[in-house]
Amino acid sequence: MMTSETGQNRQAAPQTKIQNHSGRLARQYFMVFVVLLGGGLFASGALEIFFGYGESRQQIAVVQGEIASNAARRIAQFILTIEEHMKAATVSSVVARRGIGPEYQFELAKLLTTAPAITELLAIGADGRVRAFVSRFRVATSADEQNLSKAASFLQAKQGVTFLGPVTFVDESEPSITIAVPIEQFPGHVIGTLQAQVDLRQIWEVVRDLKFSDTGYAYVVNRAGDLIAHSNPGLVLQRLRAAHLTQVRTAFQPNPVTPTPTTTVAKDFAGQDVLSSFVFLPNLDWAVFVEQPLSEAHKSLYGSILRTSTLLLIGLATALVASVFVARRVVRPLEALRRGVERIGTGDLNHRIEIETGNEIEVLADEFNKMVDEIKNAYQGLEDKVQQRTKELTALLDVAAAATQSFDVDVVLRQVAEKISEIFELYAVLIYLYEPNQSDLRVRALTGYAPQGFAQKRFKRGQGIVGRVVETGEPVLFADAQSDPTYLATSQSRAAKEMGIHFIAGFPIKSKGRVLGAIVCNGRSPRQLTEPEHRLLTSMADQIGPAIDNVNLFEEAKSKSAELERRNREVVDALERQTAVAEMLRAMAHTLSDLQSFFDTMIADTVRLTRASGGVIRLADNTGALRYVAHYRNGAQRLRDIEKQPLSADENGAAMQAYRRQSPVQISDALEPPASLGGPISIATRTVLAVPLLQEGAAIGVIVVFRHFVEPFTEPQVELVTTFADQAVVAIKNIHLFQELEARTRELESANDRLNELDKLKSGFVSNVSHELRTPLTAIGSLVDNMLDGLTGPLSTKQARYMSGIKDSTERLARLIHDLLDLSVIESGRMEFKPSTFQLSSLIAEVVENLRPLARDKAIELDGGAPNRDVLAWADRDKVTQVLTNLVTNAVKFTPKGGKVRIFLEPVESGYWLQVGVSDNGPGIPPEEAGRIFDEFYQIRQPGQEKAKGVGLGLAICKKLIDMHGGQIRVESSTSAGSTFYFTVPAHVEQSVHAALN
């Protein structure tokens, strides 16, 4: 039944397949011709379009880039021409003789005539006030323009650098730009600036004159996205912005450093795809764009695509004609062959295919007829093999099912033995396995017949048929053991002869390369195993080995699972104890002011984790008695009054024993003498554990846990109670320390409030005293100067010497008061900080010139270094002057006669800070005092020298002033090479626009 159904399915399958493939050959030939002809044409056209597109894109980009570059050069030349006219107007004999005055008005009027793009001019003096003004549209300047000392254009031009301002729009439509140049009376001496307002509408003509295609156009945009010029000026008058355009963002992010043309595909103002080329002007921060629509740019490319499409259609038509010709010569014979195959596929193996074409198709039909004859002959043999193989597979499936459905080895082996005996019709089947000692083999399964006591017999490796199989790991076969001389020589031949056994076969049982046992088959008639039978027995033996291993693994897994469960319970208990300890530590950290709450929580956790019935915490008082502090009992929240009674020192219970011995005490059964509970807990209490609270080698209390049943506490539980006892001691100590800390904190807060009050009184006193003393000191100084000048009459030599001493002391006292006042102002936070931009090298030169007479008196060389006009500082100029003057004065004071003091300046930290150094070759500062010289009222006294004049406030004030700038001040010194003081202030870096233009 099964074979018939299989044949029908086989017959139906080819028919369906042939029907589905009808007409496919003609389509395949058509596709081949299409690929060969059309593919070649398409590839040629695609290559032409690809390279044509690239060449067209490159040519257009070159043309647009040159146009944009030319426009950029003309725009830059326009700005430079305006700047040159302005600089030429500053080089005037009127300026050289009289500076900037009313006479300069005529020069400005001539400049308006020379440069039509300039709408108005301002001549500004060194103080920032307008000295001369001309305009095409206005008569006078506004009030806001009278003083331009703080304007960016004036400040930059005064530094000798041309200023180019941002683009502005007059009346919200006409673009203009501010240009300012320095006015020098003679080279290097700037006496003012010349500022011009330039109309940019002339740039419109430059952009409007760019003609490169029918619909192409150009425009100019600044970084803010404002449209400065366009081929259609109306867009500029509408104040149309271009910041949202992709090409504009590309031009300004990142900012290129060279005006290199760049071309990209983007959207224009109307959302149309355009090919855009742009050039960036770094000096003006503008960009010139030249664009044309993609439809016009690729007009020639569209023609090439049309030609390629026409050739491709011609190729497809040629492929169609060729495929029709092939169908007539090839497809019809193949269709006859297909119909013949279809009949054979339905099961008609007697059908013959008759084709007469005289070519390879006729040969194919003859070969196909021969193949059908061979299939008819092989079909019957194949069905026999299928039946045999099905029988083998069924047996293997039964063995595999038996091996996987039970974890009992004996049951599995018995089922396998019965299956082998049933399939091969054997007299007996025996299965041997190794004993646990891996030395002997014995029968574990038996079906059929065996000699008396044979099932209990043990075999050694190499002994008998079984021994040979397990030793070699190879099958042993005897087709007729009664006539085989090899078997007749063995000790088992007599038993086999008595039982009438002729056929004997042994197969090893293996798993993972190891031999576990053997299968022995016995038959009463001679037989030769065929190859399929040999393969089947080998497969059955191979199924047994993994089953035995699986059973062994299952037993081992059961054992390990029990052990793992036991360890898991231990880990869970340990984790629960650790969690409780962590919770107790957290509670201890949050209950410094509530020790009772901590004790209540701790005794409850102790009872729960030790699985006790209840527990008590007692602390010792001054008499040595143990008094109740906390209690917890399962099922009883109220404690009887009798349990709150203290335990006297003469009692001998578990609690007092643990207290006296300073070690844990456990009573396994309180009802067995001589045990004692140590105080009234409960009549039903049986097991008690008492752990002392130890602090610095002395007991201060005890923790007691108890059970109403007999079960001694385990070692981990004792350790847990001991840990809780230690933490309780720490908690008691922490609460005492916390209380002491609170008291000390209140004392410190009171003292701090008093110090703050005294500090305020000190600051007020210093400020008032300083103001009060300055007036009489000024009067004393004036009177002394009058007496020394002879206004009160001539003075003797001795009187003049005394008066000079009074003057020196007065000046010293004035300096001291001035330092005290500065320090008081700084500490009170009332000193104003006014940063500005200035040349630090010029400030150094001023300080050096002011202090040069002081250095000349001691024959000291004072070197201010080379001036650097490019270095600008952003700081409070007066405070930096005070710091620098103090440091140079100290250097001169401590430098010996004939020495040298050098001041130098250098940028640090990538130019963001400026560092000033003041070095001398004086006696130096000892290393142990270098860190204290910036403290208030600290002075260095050199060995063998008198104490320095002053009170040690100068360097402290310098440090506070530098701290106000966010800088640092430090000293490097050695007792043999002098000292060098360094301080840093913020730098102000400003790029030169004129340098960018050139």
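Reading the values: the criteria
Residues numbered from 1 in each chain as written. Predicted model: local features only at pLDDT ≥ 70, side-chain atom pairs only at ≥ 80, totals over all residues. Heavy atoms only, no water. Phe/Tyr/Trp six-rings, centres within 6.5 Å; stacked < 30°, edge-to-face > 60°. Buried < 20%, exposed > 50% of the residue type's maximum accessible area, 1.4 Å probe, protein only. Lys NZ or Arg CZ within 6 Å of the ring centre and 35° of its normal. Helix = DSSP H or I, 4+ residues; strand = E, 2+ residues; numbered from the N terminus. Polar contact = N/O pair within 3.5 Å; in protein donor to acceptor, adjacent residues only side chain to side chain. Contact = heavy atoms within 4.5 Å. Core = buried A, V, L, I, M, F, W, Y, C linked by side-chain atoms within 4.5 Å. Pairing = 2+ DSSP bridges. Axes fitted to C-alpha atoms, helices over the stretch in contact; angles between N-to-C directions.

Visitor: Can you help me understand the packing of aromatic side chains in this one?
Guide: Note on aromatic pairs: each is described by the distance of the centres and the angle between the planes. Overall, the coordinates contain eight aromatic pairs when judged by the stated rule. Seen from their ring centres, Y217 and Y219 are 6.2 Å apart, and the 20 degrees between their planes marks the pair as stacked. Assigned by exposure class, Y217 and Y219 land together as buried. Aromatic pair F598 and F599: ring centres 5.9 Å apart, planes at 45 degrees, arrangement tilted. You can call F598 buried: its relative accessible area is 2%. Taken together, the ring pairs connect Y217, Y219, F269, F278 and F289 into an aromatic cluster. In this structure, R970 is placed above the aromatic ring of Y982, and the distance from its NZ or CZ to the ring centre is 4.3 Å.

Visitor: Looking at this structure, how should I read the side chain of K879?
Guide: Relative to the helices and strands, K879 resides in helix α22 (residues 877-894). Overall, K879 belongs to the buried group, its relative accessible area being 11%. Within the local environment of K879, its side chain forms a polar contact with the side chain of D876, the two groups lying 2.9 Å apart.

Visitor: Would you take a moment to explain helix α18 (residues 654-661) for this structure?
Guide: Side chains three or four residues apart in an α-helix point the same way, a direct result of the helix having 3.6 residues per turn. Buried residues dominate α18, accounting for six of its eight residues. Taken residue by residue, α18 has A654, A655, M656, Q657, A658 and Y659 as its buried positions. In this structure, the buried residues of α18 make contact with β18 (614-620), β19 (626-633), β20 (665-667), β21 (687-695) and β22 (698-707). Backbone geometry just after α18 places Q662 at a positive phi near 60 degrees.

Visitor: Any chance you could explain the nonpolar core here in plain terms?
Guide: Proteins that are soluble and globular tend to have nonpolar side chains buried together. Of all hydrophobic cores here, the largest spans 66 residues; its most connected members are I118, L194 and W286. Here this core takes 10 residues from helix α2 (residues 24-90), the largest share from any one element. In terms of nonpolar packing, the next biggest core, distinct from the first, is built from 40 residues, F838, L843, V892 and C958 among them.

Visitor: I would appreciate a short explanation of the sheet that holds strand β28 (residues 969-974) in the present structure.
Guide: Picture the strands of a sheet paired through backbone hydrogen bonds; they go either parallel or antiparallel. Taken in spatial order, the five strands of this open sheet run β24-β26-β27-β29-β28, and their pairing is mixed. The outermost strands of the open sheet, each flanked by one partner alone, are β24 (861-863) and β28. Sheet twist, expressed as the average angle between the axes of neighbouring strands with direction ignored, equals 15 degrees. Bridge count between strand β27 (residues 913-920) and strand β29 (residues 978-986): seven bridges; the pairing is antiparallel. Bridge assignment links W913 to a residue of β29, and that residue is P986. Of the strands in this sheet, β24, β26 (900-908), β27 and β29 touch helix α21 (residues 840-857), which is tilted by about 170 degrees from β26. Where helix α24 (residues 954-964) meets the sheet, its contacts fall on β28 and β29, and the angle it forms with β29 comes to roughly 30 degrees.

These figures capture arrangement, not role.
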